[in-house]
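# Coordinate inspection notes
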Amino acid sequence: MINTSDLSVKLIEEVREEYGSPVYVFDEGAFKENYHNLQETFQSYYPKYRIAYSYKTNYTPYICKKVLEYGGLAEVVSDFEYYVAKTVGYKDRDIVYNGPYKQESWKELIENDGILNVDNIQEAKRLFEYIKSNPDKEFGVGIRINIDAGQGYISRFGIEPYSEDFKYIIKEIQETGNLYLKGIHCHIGQSRGIERWQARVTEMLTLADALFMDDPPEYIDLGSGMFGDMEPVFRAQFNGGVPSYEEYARVVAKEVADHYKDETDDKKPWLYTEPGATLISRYIWLISTVISYKEVRGRKIAGLDCSFFNAGETVRYKRLPFHAFNQSQKYKEADFAGYTCLEDDILTTDYEGFFDIGDPVVIGNTGGYSLVFKPPFIQPDIPMVALREDDTLHLIKKGQTFQGILSDYYI
Ligand SMILES: Cc1ncc(COP(=O)(O)O)c(C=O)c1O
């Protein structure tokens, strides 16, 4: 896997020349390798494991289609994301629909044996009404469980086990002739450490045993929040350490395998996780250009033609891999600021290398929660090219146009 500072200058210049700046580059070969590493590591402990790619992290259709080709599920949380999944060719049975606000598509999904995880009681009531009005068909649903895995906050998602809402839902499922409980789901944000995963899997297996006394569930979906593979400069900032896929698989997939070791293969539940950042963050680079330089009371500030919105949310908490590909060594050391009028639009502070106006700057780890979070604030969004496995470049997302943005407004 290439590190940001080792990218080929020839490639960067080719991309800038053909597609302009700023621009994203999706490294297709490295994305595929990481995907298969994760999948194969989990499958080596528990073969009935499948990845459900989290669309909210980056729903670029070209990337979603790659996941479809690799045999992954689509994890969606809105009718819009469901539409993306269907547009790239997903069948409902390979779509997991989560989230606190599902609009209309859940009906089509459950009609066709898709995976629906109910988040709240109002959603459950709507679902029961729909199922009762379609008595000739059998439906299966899952529940998002609100678990306490020691994360230190009360999540707003899912239903607390054994609460009144939970008991009501289970009772309704048992009493509705054409409905059965298909599986259970959880996800805990900001909990990437191995102990949190250990707690998550233990809680969920205990609950699975209590809820599915005859046969195991069809699936146990443990959500996401694993660290992915990282560049050394980025990894070094995580003081608590960054577990490998092997370490995650040993506490998650192995535990599930041990738990169901006496079941026949067809009875063992599917194990899903829903990686987003884990799969995509490292494999998209943001190429940008230095447009200005100034010194203000000793502070050195370089301006870039991109903004922190393009780099994504992680840039606000950590130093992303950042490298200026310098030819002239004119300036040295600076804070690099984005094009917006926000004081905190800073892409990196105290960069130590050389640079000059017009130099390309590459920011790594910009694949997750970047373009999906980019508002049309001050400037339209930027294009993305795929660096394919045969080293050719291919445009996979056009830059937004002024006209495109204004087309939503009445003048
Ligand atoms: C239900 C669910 N699944 C998966 C994800 C993806 O998590 P990550 O990007 O940390 O892998 C999220 C992120 O918020 C989520 O809410």
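Structure first, text after, so check above.
Owing to the predicted nature of the structure, the values given are computational and were not obtained by experimental measurement. (Residues numbered from 1 in each chain as written. Predicted model: local features only at pLDDT ≥ 70, side-chain atom pairs only at ≥ 80, totals over all residues. Heavy atoms only, no water.)

### Quick word on unusual backbone geometry
What counts, and what does not: Where helices and strands are cited, they refer to DSSP runs of H or I of at least four residues and of E of at least two residues respectively, numbered from the N terminus.
The residue after serine 21, namely proline 22, is reached through a cis peptide bond having omega 0 degrees. As for its placement among the helices and strands, proline 22 is situated in the loop between helix 1 (9–19) and strand 1 (23–27). Positive phi, normally seen in glycine, also occurs at arginine 297, with a value near 40 degrees. Despite not being glycine, isoleucine 378 has its phi angle at roughly 70 degrees, a positive value. Relative to the elements of secondary structure, isoleucine 378 occurs in the loop between strand 15 (360–363) and strand 16 (384–387).

### With respect to helix 2 (residues 28–45)
Just so we agree on the cut-off: Between the first and last residue of a helix there are one fewer steps than residues, each counted as 1.5 Å, and that sum is the expected span. In this scheme, a residue with accessible area under 20% of its type's maximum is buried, one over 50% is exposed, and one in between is partly exposed, where area comes from a 1.4 Å probe on protein chains only.
Taking 1.5 Å per residue as the helical rise, helix 2 with its 18 residues ought to reach 26 Å, and the 27 Å between its terminal C-alpha atoms agrees with that figure. Among the residues of helix 2, those classed as buried are Glu28, Ala30, Phe31, Asn34, Tyr35, Leu38, Gln39, Thr41 and Phe42.

### Brief notes about the site of the ligand
Going by this rule: Think of it this way: one heavy atom of a residue within 4 Å of a molecule or strand is enough to make that residue near it. Polar contact criterion, stated in full: a pair of N or O atoms within 3.5 Å, where within protein one must be able to donate a hydrogen and the other to accept it, and residues adjacent in sequence count only if both atoms are side-chain atoms. Every accessible area reported is derived by Shrake-Rupley at a probe size of 1.4 Å, with residue values counting cover from the shown protein chains alone. Ten residues, namely Ala, Val, Leu, Ile, Met, Phe, Trp, Tyr, Cys and Pro, are considered nonpolar, four, namely Asp, Glu, Lys and Arg, are considered charged, and the remaining ones, Gly among them, are considered polar.
In the region of the ligand, 15 residues are neighbours, and Ser224, Glu274, Gly276, Ala277 and Tyr369 sit closest. A distance of 3.0 Å separates an oxygen atom of the ligand from a polar side-chain atom of arginine 192. Contact between the ligand and serine 224: an oxygen atom at 2.6 Å from a side-chain N or O atom of the residue. Contact with the protein chains hides 86% of the accessible area of the ligand, taken as 400 Å² for the molecule alone. Considered class by class, the residues forming the shell around the ligand number three nonpolar, seven polar and five charged.

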